[in-house]
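Each chain, written out:
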Amino acid sequence: LSLDKKDMQAFADKAGFYSGTVGSSDNIVVPSGIYVIMLNKKLNKINLVEIKSLGAIGTAFGGWDKEIPMTWDKETNVFTVVADVVPGEYKFRLNDDWTFSIDNTGGVNGGGANYETALSGNYKVSVDMSKHPYTVKFANTSFPEVLYVPGSHNDWSFTTTLQGDGNGRYEGFTD
């Protein structure tokens, strides 16, 4: 994320935005939370944006006037929501605000291009922010995430499972 002086001031005015200079003797002190960390090594600047909420918004999720809140799973570092989806454009907006959003480059910025989808139906939508670029996955809720495979191979227990990809394909193994 590259920020000019105007952007820096606009971002600095937002609650949950912290900025500092790399190599400075001053520490950046932030409250406990989930953060997007942006480092510009060329300018020796570090910026942190606290993620208080993430929401799906756009024509694909019912319109641009109201976002659908997503839920954070701290075990997997993934935000998810189950929602009805229609073909159209969308973004993921941080903190119910247009200042920061996740755009189709898989990064956080203040106005990048929208994602697009041709999907239609009910989907579990996931945003994985544990790596960059961030990844977005749609799993059709018509198919369960896991299939259990009891049988004589495992004394009819439900310990053998097949993991689904959200599109009706399952894979697993047993010994």
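Owing to the predicted nature of the structure, the values given are computational and were not obtained by experimental measurement.

The rules behind the values
- Residue numbers restart at each chain and count upward from 1, following the sequence in its written direction.
- Local features are withheld for residues below a pLDDT of 70 in this predicted model, meaning they are given only at 70 or higher, and side-chain atom pairs are given and counted only at 80 or more; totals for whole chains, interfaces and linings count all residues.
- Note that the side-chain values use all heavy atoms of the structure and ignore hydrogens as well as water.
- Helix and strand definitions here come from DSSP, where helices need a minimum of 4 consecutive H or I residues and strands a minimum of 2 consecutive E residues; each element is numbered from the N-terminal end.
- When a residue's accessible area, from a 1.4 Å probe over protein chains only, is under 20% of the maximum for its type it is buried; when over 50% it is exposed; and in between it is partly exposed.
- By definition in these notes, contact holds between two residues if any of their heavy atoms fall within 4.5 Å.
- All accessible areas in this document rest on Shrake-Rupley with a 1.4 Å probe, and a residue is counted as covered only by the protein chains that are shown.
- Two strands are counted as paired when DSSP detects at least two bridges linking them.
- As a rule, the C-alpha atoms of each element are fitted with a line to give its axis, helices using only the stretch in contact, and angles between N-to-C directions run from 0 to 180 degrees.
- Summary of the metric used: pLDDT quantifies the predictor's per-residue confidence within the range 0 to 100.
- Any pair of Phe, Tyr and Trp rings, taking the six-membered ring for Trp, is counted once the centres come within 6.5 Å. Such a pair is stacked with planes under 30 degrees apart, edge-to-face with planes over 60 apart, and tilted for the rest.
- Throughout this description, a polar contact denotes any pair of N or O atoms lying within 3.5 Å of each other; where both atoms belong to protein, one of them has to be capable of donating a hydrogen while the other can accept it, and for residues adjacent in sequence the pair is counted only when both atoms sit in side chains.

### Examining the overall build of the protein chain
- Within the protein chain one finds 1 helix and 16 strands.
- Out of the 175 residues in the protein chain, the part that is buried amounts to 34%.
- Counting only contacts in the protein chain whose residues sit at least 6 apart along the sequence, the fraction spanning at least 24 positions is 50%.
- Total accessible area on the protein chain is roughly 10700 Å²; 52% of this is exposed by carbon and sulfur atoms.

### Re the sheet that holds strand 1 (residues 17-21)
- With antiparallel pairing, the 3 strands of this open sheet are ordered in space as 1-3-2. Of all strands in the sheet, those bounded by a partner on one side alone are strand 1 and strand 2 (35-40). Strand after strand, the sheet turns through a mean of 15° between neighbouring axes, direction not considered.
- Where strand 1 lies against strand 3 (residues 45-50), 5 bridges are found, and the strand directions are antiparallel. Bridge pairing links Tyr18 to Leu48 in strand 3.

### Points about the pairing of strand 3
- With 6 bridges joining them, strand 2 and strand 3 adopt antiparallel strand pairing. Within strand 3, the residue paired with Met38 across the bridge is Asn47.
- Linking two consecutive strands that pair antiparallel, namely strand 2 and strand 3, is a turn of 4 residues; a positive phi of about 55° is found at Asn44 within it.

### Looking at the confidence of the model for the protein chain
- Mean pLDDT over the protein chain stands at 83; residues scoring 70 or higher make up 89%.
- Contacts from residues 1-5, a stretch scored under 50 in pLDDT, to residues over four places away or in other chains number 7 contacts.

### Thoughts on the packing of aromatic side chains
- Within the structure shown, the criterion is met by 10 aromatic pairs.
- Judged by centre distance (5.5 Å) and plane angle (85°), the rings of Phe61 and Tyr90 are edge-to-face. Of the two residues, Phe61 sits in the loop between strand 4 (54-58) and strand 5 (63-69) while Tyr90 sits in strand 8 (residues 88-94), which places them 29 residues apart along the sequence.
- Ring centres 5.8 Å apart and planes at 75° place the aromatic pair Tyr90 and Phe138 in the edge-to-face group. One end of the pair, Tyr90, is in strand 8; the other, Phe138, is in strand 13 (residues 135-140), with 48 residues separating them in the sequence.
- For Tyr90, a relative accessible area of 3% translates into the label buried.
- In this structure an aromatic cluster arises from ring pairing among Phe61, Tyr90, Phe92, Tyr115, Tyr123 and Phe138.

### A short note on the pairing of strand 5
- As judged from the 3 bridges shared by strand 4 and strand 5, these two strands associate in the antiparallel manner. Looking across to strand 5, one finds that Gly58 is bridged to Gly63.
- Connecting the antiparallel pair strand 4 and strand 5 is a turn made up of 4 residues, with Gly62 showing a positive phi of about 105°.

### What to know about the environment of Asp165
- With respect to the helices and strands, Asp165 occurs in the loop between strand 15 (161-164) and strand 16 (170-171).
- The exposure class assigned to Asp165 is partly exposed, which follows from its relative accessible area of 33%.
- It is 8.8 Å that separates the C-alpha atoms of Asp165 and Phe143, two residues lying 22 residues apart in sequence.

### Section: the side chain of Thr117
- When you line up the elements, Thr117 lands in strand 11 (residues 115-117).
- For Thr117, a relative accessible area of 13% corresponds to the buried category.
- In this structure the side chain of Thr117 is engaged in a polar contact, spanning 3.1 Å, whose partner is the backbone nitrogen of Leu119.
- Contact partners of Thr117, with chain neighbours within four places excluded, come to Ala60, Val85, Val86, Pro87, Gly88 and Tyr90.

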